[in-house]
Structures are given as C-alpha cells and as structure tokens.
Amino acid sequence: MTTGEVTVEILSLQDINERHRELLNDVGVSMSELRDRAHAYELTIDELEVLRELERLEFLAGR
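What counts and how
- Residues numbered from 1 in each chain as written.
- Predicted model: local features only at pLDDT ≥ 70, side-chain atom pairs only at ≥ 80, totals over all residues.
- Heavy atoms only, no water.
- Helix = DSSP H or I, 4+ residues; strand = E, 2+ residues; numbered from the N terminus.
- Buried < 20%, exposed > 50% of the residue type's maximum accessible area, 1.4 Å probe, protein only.
- Core = buried A, V, L, I, M, F, W, Y, C linked by side-chain atoms within 4.5 Å.
- Contact = heavy atoms within 4.5 Å.
- Expected span 1.5 Å × (residues − 1).
- Arc of directions from axis to C-beta.
- Salt bridge = Lys/Arg side-chain N within 4 Å of Asp/Glu carboxyl O.

Novice: Any chance you could explain unusual backbone geometry here in plain terms?
Specialist: One can expect most non-glycine residues to show negative phi and most peptide bonds to be in trans. A positive phi angle, close to 55°, is found at Tyr-41, a residue other than glycine. With respect to the secondary-structure elements, Tyr-41 resides in the loop between helix 2 (31–39) and helix 3 (45–61). In this structure Tyr-41 comes out as exposed when scored by relative accessible area, which is 78%.

Novice: When you look at the nonpolar core in this model, what are you seeing that I'm missing?
Specialist: Counting 12 residues, the largest nonpolar core is built from Ile-16, Leu-23, Leu-24, Val-29, Met-31, Leu-34, Ala-38, Leu-43, Val-50, Leu-51, Leu-54 and Leu-57. Contributing elements (two or more residues each) for this core: helix 1 (13–27), helix 2 and helix 3. The greatest single-element share of this core, amounting to four residues, is contributed by helix 3. Beyond its immediate stretch of four places on either side in the chain, Leu-24 contacts Val-29, Ser-30, Met-31 and Leu-54.

Novice: What is the right way to read helix 1 from this model?
Specialist: An ideal rise of 1.5 Å per residue puts 21 Å on 15 residues; helix 1 measures up with 22 Å between its terminal C-alpha atoms. Within helix 1, burial applies to Ile-16, His-20, Leu-23 and Leu-24. Buried residues of helix 1, seen end-on, are gathered within an arc of 95° and therefore sit on one face of the element. Among the exposed residues of helix 1, those oriented more than 90 degrees off its buried face are Gln-14, Arg-21, Asn-25 and Asp-26. In this structure, the buried side of helix 1 is in contact with helix 2 and helix 3. One or two steps after helix 1, the chain reaches Gly-28, where phi turns positive at roughly 75°.

Novice: Where do I start with the pattern of salt bridges in this structure?
Specialist: Oppositely charged side chains are able to pair whenever their charged atoms sit close together. According to the stated counting rule, one finds six salt bridges in the structure shown. One salt bridge connects Arg-35 with Glu-58, and the closest N-O pair in it is separated by 2.6 Å. In this pair, Arg-35 sits in helix 2 while Glu-58 sits in helix 3, placing the two residues 23 residues apart along the sequence. On the basis of relative accessible area, Arg-35 is assigned to the partly exposed category, the value being 29%. A relative accessible area of 13% means that Glu-58 is categorised as buried. Here Glu-47 ties to Arg-37 by a salt bridge, and the two come within 3.0 Å at their closest N and O atoms. Of the two residues, Glu-47 is situated in helix 3 and Arg-37 in helix 2; the sequence distance between them amounts to 10 residues. Connected through shared salt-bridge partners, Arg-19, Glu-22 and Glu-53 make up one network.

Structural data, given as structure tokens:
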C-alpha cells in the first residue's frame, strides 16, 4: 500500500488577491456577473472551474 503525497501551498493575502484578479481578468467578467451566470446555468465548464477557485480564494481570504 502506498500513501499519497500532500502538497500544501501557503498563500499570503496579497497572493490571494493577485490570483483573484488574474482569474477575473481571464474570464473577462466581474465576480457578481459570474455568479449571476452560474445561477442561470450559463457557465462553461472552464468558467465554472474559475468560479469555484475564486470562491475558494474568497474563503481563504475570510470574505
């Protein structure tokens, strides 16, 4: 039996905010527009993955 390796990345608040901005720039819409489109089931798979990452980042930032 093998055990998997776990990788932990420690992000500063600045890192989180930078990544958040990069992701929003990549999709070209605001967070609220992305959420509105998600509620209407209008996101592509890639956009949905971006939204999930953005929400994880917001959780880490305490928002």
